[in-house]
Amino acid sequence: GQHPISAIDGLKEVIADIQSLKSGLYASSGGLAEFRKWEDENTSWENRSGYFVSVVNGDGDIAICDKQVNDVYGVTVSSSAICGYQADVNKSGNPLYSMVCLVGDVRVRVREDANIVAGNYVVADNYGYAIKTENNVGFRVLSVGTDPILEHYASIALVPQNDNVSRVMEGLSATNGE
């Protein structure tokens, strides 16, 4: 008769997958993200990838960053290497939710006339887009480009709290009369 282990379909592939985990975990996307619900429930089903967003209430809901009240929490993305808060409800493809990248190399929307190039630093404007800073604080631009969804974008090194550093620097400049 047949040995019980050899009767398992795809056993060789499963073993190969387990062995590949020993040398590292790889993904076609970068970043660490989590699913968050839109405060306005995105009733028009817009593709909101590439916006700076803020957490705006005690439920952890997000809104496009307005910079007047709320700090940057992350950038909405269409994919991520690792994503949390998926287990309770399938949120992939549900416009009520977006993946919010918290750290990594991400694409953020920029206006066509923004004059942003690799090496610049950016922060969020009042509409969730990236704008260039002159004081080398904020998020470092790794590259720029265009695509059908985001139109014009900057790939940035999204590092936690870099946006808050820019606010401190702006406050210091204002205090010193610069």
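Every value quoted in this text rests on a predicted model; they were computed, and no experiment measured them.

*Asks:* Looking at this structure, how should I read the side chain of Ser155?
*Replies:* Inspection of the secondary structure assignment puts Ser155 in strand S10 (residues 151-158). Not counting chain neighbours up to four residues away, the residues in contact with Ser155 comprise Asp105, Val106, Arg107, Arg140, Val141, Leu142 and Ser143.

*Asks:* Whenever I open this one, unusual backbone geometry confuses me. Can you help?
*Replies:* Note on backbone geometry: most residues besides glycine have negative phi, and most peptide bonds are trans. The residue Trp45 is not glycine, and still its phi comes out positive at about 55 degrees. The residue Trp45 is located in the loop between strand S1 (32-37) and strand S2 (52-55) in this model. Residue Trp45 is classed as exposed on the basis of its relative accessible area, which comes to 63%. In this structure, Asn115 is a non-glycine residue whose phi angle is positive, near 50 degrees. Here Asn115 lies in the loop between strand S6 (97-109) and strand S7 (121-124).

*Asks:* Just checking my understanding: could you explain the pairing of S10 for this structure?
*Replies:* Looking along a regular strand, one sees side chains alternate from face to face of the sheet. Relative to S10, S6 runs antiparallel, the two sharing six bridges. In the strand pairing of S10, Val106 is matched with Ile156.

*Asks:* Would you mind showing me how to read the pattern of salt bridges here?
*Replies:* Any two side chains of opposite charge can pair, given that their charged atoms come close. In total, this model carries five salt bridges according to the counting rule given. Through salt bridges with shared partners, one network takes in Asp40, Glu46 and Arg48.

*Asks:* Any chance you could explain the packing of aromatic side chains here in plain terms?
*Replies:* The geometry of two aromatic rings is summed up by the distance between their centres and the angle between their planes. Within this structure, the stated rule accounts for two aromatic pairs. Centroid distance Tyr51 to Tyr129: 5.7 Å. Interplanar angle 85 degrees. Geometry classified as edge-to-face. With Tyr51 in the loop between S1 and S2 and Tyr129 in the loop between S7 and strand S8 (130-133), this residue pair connects regions lying 78 residues apart in the sequence. A single burial state applies to Tyr51 and to Tyr129, both of which are buried. Looking at Arg48, its charged tip hangs above the ring of Trp38, at a distance of 4.5 Å from the centre. Cation over ring: Arg111 sits above Tyr129, and NZ or CZ is 3.9 Å from the ring centre.

Thresholds, definitions, all that
Residues numbered from 1 in each chain as written. Predicted model: local features only at pLDDT ≥ 70, side-chain atom pairs only at ≥ 80, totals over all residues. Heavy atoms only, no water. Helix = DSSP H or I, 4+ residues; strand = E, 2+ residues; numbered from the N terminus. Contact = heavy atoms within 4.5 Å. Buried < 20%, exposed > 50% of the residue type's maximum accessible area, 1.4 Å probe, protein only. Pairing = 2+ DSSP bridges. Salt bridge = Lys/Arg side-chain N within 4 Å of Asp/Glu carboxyl O. Phe/Tyr/Trp six-rings, centres within 6.5 Å; stacked < 30°, edge-to-face > 60°. Lys NZ or Arg CZ within 6 Å of the ring centre and 35° of its normal.

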